[in-house]
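Listed below, chain by chain, are the residues.
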Amino acid sequence: REASIPQGFRAVTINGRRALCEPGDEAWVTTALGKMPAAARPATAPANMLQRIGEQREPLIRQFMADFGVTDPVPVARAYDSELTPAIRQLDELRAPIFYLVTAPDRLTALMRSGWSDPHFYYNRAADAVSFNPAGLLTVDRPMDDIIYPVPDDTKAPPEKRAEGLTAVVTAVEAQIAAAIEFQARARVGGHFANMINTLVMQPLALKDDQQWLAVGATSVFAAKYTATITGDQRQQLVGGLLFEHPQAALKMTAVDVLHPADLKTIRQDLIGVYVDTFRRKSARAIQYLIEQAGGDAAVTKAVAAVRDRKPADGTALVKVIQEVTTIDLTPALVR
């Protein structure tokens, strides 16, 4: 969707930034934009991650194969190259098409009253006022719409003060965009590693419902392990975030038995997400407990290999198999 420029306004493009203003404001708007450094990449994190994705490709593929006993490198490399790398490159190349609408609040109200519209602006006729909702401005799953972002302008202030207001809004918006892109990049890295683990390792195990905690927990913890290599975060910090339980959490981990999971059909629709999230955290905690008690990631490697070879019949048998190969009984970490 292209921007709908209000009647009587014109676009001013300086140093890679675009503002919409009326002819009488063009001079000071041009000066203000000209004093700002040229627009750079919205965020540096994706570029840094892309570099690490390239540098760590071979070590991570080998580590993935060693952690889960995978013997064929081709599917791992294919997922790494065709899913993870393009996903982060897309964010590195992302450019938000922003138009900064410089106008006084009462002028903006008059524009909407006379028929100008934009999906993120709402005109309240009863209050004769306009509100702006920035939710959904950034989209990475489809071509991005043009974005019109309001810059409240005090027409009675001197040009230098008005310029300060424009500069402040542009600086704040660009910082918010950079933070959002960095968050998306980190989430994508973790999500794609989790998808690799689930698709290449866990799904072939054909785990029963009462065995799914192994897949959920191992996927979460090891995705954090690989993600830390790309993002530069500490593994323990990422795992800690996975396991953290807010004191006011609606459902505590102690109330969930992942060895005997609930039937989602019996849970209220609005609470399914809460249950699934708690199930994930408790499963990850059980895997982290196994790693800590058995002395390292090799315990999970042994567990996955034993499940692959022996194909335990149910959750209880799975726990027994893991205990046999690692000496660790996970039952207390799984039940209520």
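Every value quoted in this text rests on a predicted model; they were computed, and no experiment measured them.

Draft legend 1. Spotlight on the nonpolar core. Phe64, Phe68, Tyr100, Leu166, Phe193, Met202 and Trp213 are the most contacted members of the largest nonpolar core, which has 89 residues in total. Counting residues per element, this core draws most heavily on helix 6 (residues 159–205), at 16 residues. Each residue touching phenylalanine 68, except ones within four places of it in the same chain, is listed here: Ile197, Val201, Met202, Phe222, Tyr226, Val304 and Arg308. The next biggest cluster of nonpolar side chains, apart from the first, holds eleven residues, and it includes Leu20, Leu108, Tyr123 and Ile148.

Draft legend 2. Main features of the side chain of glutamine 288. By the secondary structure assignment, glutamine 288 is in helix 9 (residues 272–294). Overall, glutamine 288 belongs to the buried group, its relative accessible area being 5%.

Draft legend 3. A look at the environment of alanine 262. Tracing the backbone through its elements, the reader meets alanine 262 in the loop between helix 8 (235–243) and helix 9. Given a relative accessible area of 35%, alanine 262 falls into the partly exposed group. Each C-alpha atom of the pair alanine 262 and arginine 10 lies 59 Å from the other, and the pair is 252 residues apart in sequence. Setting aside anything within four residues of it in sequence, one finds alanine 262 in contact with Ile267 and Tyr275.

Draft legend 4. Region of interest: the packing of aromatic side chains. What the rule picks out here adds up to ten aromatic pairs. Each ring, one from phenylalanine 121 and one from phenylalanine 132, has its centre 4.9 Å from the other, and the planes form 50 degrees; the classification is tilted. Of this pair, phenylalanine 121 sits in strand 4 (residues 121–124) while phenylalanine 132 sits in strand 5 (residues 129–132), placing them eleven residues apart in sequence. Judged by relative accessible area, which is 7%, phenylalanine 121 ranks as buried. Residue classification places phenylalanine 132 among the partly exposed positions, given a relative accessible area of 23%. Put simply, the rings of Phe64, Phe68, Tyr80, Phe193, Phe222 and Tyr226 pair up and form one aromatic cluster. Positioned above the aromatic ring of phenylalanine 99 is the side chain of arginine 18, whose terminal nitrogen or guanidinium carbon lies 4.0 Å from the ring centre. One residue, arginine 235, lies across the ring of phenylalanine 222, its end atom 6.0 Å from the ring centre.

Analysis parameters
Residues numbered from 1 in each chain as written. Predicted model: local features only at pLDDT ≥ 70, side-chain atom pairs only at ≥ 80, totals over all residues. Heavy atoms only, no water. Core = buried A, V, L, I, M, F, W, Y, C linked by side-chain atoms within 4.5 Å. Buried < 20%, exposed > 50% of the residue type's maximum accessible area, 1.4 Å probe, protein only. Helix = DSSP H or I, 4+ residues; strand = E, 2+ residues; numbered from the N terminus. Contact = heavy atoms within 4.5 Å. Phe/Tyr/Trp six-rings, centres within 6.5 Å; stacked < 30°, edge-to-face > 60°. Lys NZ or Arg CZ within 6 Å of the ring centre and 35° of its normal.

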